[in-house]
Amino acid sequence: MTTLQETVLTILETICETDAVREDLDLHLFDEGLLDSFGSVALLVEIESQLGITVGISDFDRDQWATPQLILERLAERQ
Amino acid sequence: MTPYTNIYYFIVLVFLFIPIFIAGLREKKLPVYSFVLTVLLLSSVYLSSLTEFLSFVCYIIWQIGMVSWYHFYRKTNNATSIFYFFIFFTLLPLLLVKVIPFFHIHTMIGFLGISYLTFKSVQVIIDLRDGTLKDYRLFDFASFLLFYPTISSGPIDRFKRFRQDFSSIPTKDEYRSLFFHGTNKIFQGFLYKFIIASLLNANVIQTLYVQEHSFLPTLIYMYAYSLYLFFDFAGYSCFAIGVSYYLGIKTPENFHLPFLSRNIKDFWNRWHMSLSFWFRDYVYMRFVFLFTKKKWIKNRYTVSYLGYFVLFLLMGLWHGLALHYIVYGLYHACLIITFDLFDRWNKKHKKWKKNKWTYGISLFITFHVICFGFLLFSGRLF
């Protein structure tokens, strides 16, 4: 597991308050009610402070950031 | 003339659109004819009053000037103070139009749809500031702002989404499906606005009995007005969306069965969606982001709740500077915070389990809470 993946999954675990995000990388975070707009902001703030990757709020399209796997892909593109 | 208010408007519109339909099926765009149509249809909305027309023209020039100027500035600089300066001056016309009548000063400035257009300019300035919008073009923005199907009351589109549709030409098959979807929407609008809403208005709301100010008539009014508000505005939105589809623009939906919401958060994802998503993305999320990043307030829930107050207070005020709109905003802020506290409590204690009974009760409670909100909104109580 890469450091990016480990860091992101730990962040998601804290924000979503469940380790299901680690077990199922295709879990739909918004549909399952694990992530809402407040959680999304917390996610973006943590990504910026822990990984140094800045993602604008208008870049955060819910369809493109829907699952842990998709989030990892979007971040890998920006690294 | 307000668009979509009578059947003649539709007859004239379909007649004027015949060249658009033919061109669409031949995979062509008609830039000159579309420009003529824009001028013609916007004139039909604003030319009935000279001051309204002049207000509209000045406003459009002002907004295009502000956004283009900020785009020019943002190429080389990115000062926070300048950003707020531009946000303020973009909001200024709307503020003047809303605040001046409050002091009982009679002016003729203002025009139909000013508040919806302001959402469009502000989002572009914020996107430019974020750096997510780099290839801004004045022509695209002017087309976005002057897009006449949604000029009077939205739905509020996003610039980047609009531009994608605007700059592409649908294939013959795609255009055919856009055409059918659009027609379907317009007929849904006829059902909603001209049949259901107008029947509710004439046979319930306007009756002498329901106009009485005692308990039972007010209760009936509450249900009837809530349904009327939905069918009237959802009907209008269907027209605006349907006509947009004819022009190859997939304007976003505004409603998704709002009276079947499970809770108040769910409701705001289903009611006047283009507005509530705008407030979510450009007010609430940015407020929370700023406060969390700067660590001004430690408790993350406090930040979120303050964000809800800011959002709903602004949304209330945006409807007008009147007490009942402010109360309506605060009411919804309190509801969403109460729900959030309950939801978090329930995640721990698991008292409110998910089954068809609790689902039914949730729908029932949410429906009534929403209807009471609309009663406040109607201004009937105070």
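Treat the numbers as computed from the prediction; the structure is a model and nothing was measured. (Residues numbered from 1 in each chain as written. Chains lettered and ligands numbered in written order. Predicted model: local features only at pLDDT ≥ 70, side-chain atom pairs only at ≥ 80, totals over all residues.)

Asker: Help me understand the overall build of chain A in this model?
Answerer: Across its full length, chain A holds four helices and zero strands. Secondary structure elements of chain A occur, N-terminal to C-terminal, as α-α-α-α. Since a compact globule built from 79 residues should have a radius of gyration of about 12 Å, the 11 Å found for chain A is in line with a globular shape. C-alpha atoms of chain A, sized along the principal axes, occupy 30 × 25 × 20 Å. Looking at chain A residue by residue over its 79 residues, the buried ones come to 30%. Look at the contacts in chain A between residues 6 or more apart in sequence, and 58% of them connect residues 24 or more apart. (Helix = DSSP H or I, 4+ residues; strand = E, 2+ residues; numbered from the N terminus. Rg over C-alpha atoms; globule rule 2.2 N^0.38 Å. Buried ≥ 20, exposed ≤ 12 C-beta atoms within 10 Å, placed from the backbone. Contact = placed C-beta atoms within 7 Å.)

Asker: Quick question: what am I supposed to make of the nonpolar core here?
Answerer: Most often, soluble globular proteins keep nonpolar side chains buried together rather than apart. In this structure, Val41 and Leu44 of chain A together with Ile125 of chain B are the most contacted members of the largest nonpolar core, which totals 91 residues. Ignoring sequence-local partners within four residues, the contact set of Val41 of chain A consists of Met285, Val288, Phe289 and Thr292 of chain B. (Core = buried A, V, L, I, M, F, W, Y, C linked by C-beta atoms within 7 Å.)

Asker: Whenever I open this one, the domain arrangement of chain B confuses me. Can you help?
Answerer: How big an interface is tends to be reported as the loss of accessible area on association of its parts. All names here are of chain B. When cut into domains, chain B gives domain 1 (30-167), domain 2 (172-255) and domain 3 (259-378). In this complex, domain 1 contributes eleven residues to the contact, which on the side of domain 3 involves six residues. At the level of elements, helix 4 (80-99) and helix 5 (114-130) are the ones that each hand at least two residues to the side of domain 1 that touches domain 3. With five residues, the single largest contributor to the side of domain 1 that touches domain 3 is helix 5. Taken together, the residues of the side of domain 1 that touches domain 3 break down into seven nonpolar, three polar and one charged. (Domains from an automatic or database assignment. Nonpolar A, V, L, I, M, F, W, Y, C, P; charged D, E, K, R; others polar.)

Asker: Would you mind going over the interface of chain A and chain B with me for this structure?
Answerer: Every contact between the two is made by eleven residues of chain A and, on the other side, 16 residues of chain B. Here the residues of the side of chain A that touches chain B sort into six nonpolar, four polar and one charged.

Asker: Can you help me understand the confidence of the model for chain B in this one?
Answerer: Detailed reading of predicted coordinates is not advised where the pLDDT is low. For chain B, per-residue confidence averages 95 on the pLDDT scale, and residues scoring 70 or more make up 100% of the total. On the interface metric, ipTM, the complex scores 0.87, and its pTM is 0.93. (pLDDT = per-residue confidence, 0-100.)

Asker: Explain unusual backbone geometry here, please?
Answerer: Peptide bonds are, in most cases, trans, and in most cases residues other than glycine have a negative phi. Residues and elements named next belong to chain B. A cis amide bond links Gly154 to the next residue, Pro155, at an omega of 0°. Relative to the helices and strands, Pro155 resides in the loop between helix 6 (138-145) and helix 7 (159-167). Positive phi, normally seen in glycine, also occurs at His272, with a value near 40°. Position of His272 relative to the elements: it lies in the loop between helix 11 (264-268) and helix 12 (273-293). Positive phi outside glycine occurs at Lys350, with the angle close to 50°.

Asker: When you look at the environment of Arg176 of chain B in this model, what are you seeing that I'm missing?
Answerer: Its place among the elements puts Arg176 of chain B in helix 8 (residues 172-205). Separated by 66 residues in the primary sequence, Arg176 of chain B and Gly242 of chain B place their C-alpha atoms 13 Å from one another.

Asker: Before we go on, may I ask you to explain the packing of helix 3 (residues 50-74) of chain B against helix 6 of chain B in this structure?
Answerer: Think of two packed helices as two axes; the pair is described by the angle between the axes and how far apart they sit. Residues and elements named next belong to chain B. Packing of helix 3 against helix 6 brings their axes to within 11 Å, and their N-to-C directions diverge by 140°. Between helix 3 and helix 6, the interaxial angle falls into the category oblique. Helix 6 is crossed by helix 3, and the crossing has right-handed handedness. Contacts from Ile60, Gln63, Ile64, Val67 and Ser68 in helix 3 reach Leu138, Phe141, Ala142 and Leu145 in helix 6. (Axes fitted to C-alpha atoms, helices over the stretch in contact; angles between N-to-C directions. Parallel < 35°, antiparallel > 145°, perpendicular 65-115°, else oblique. Left-handed = near helix turned anticlockwise from the far one by under 90°.)

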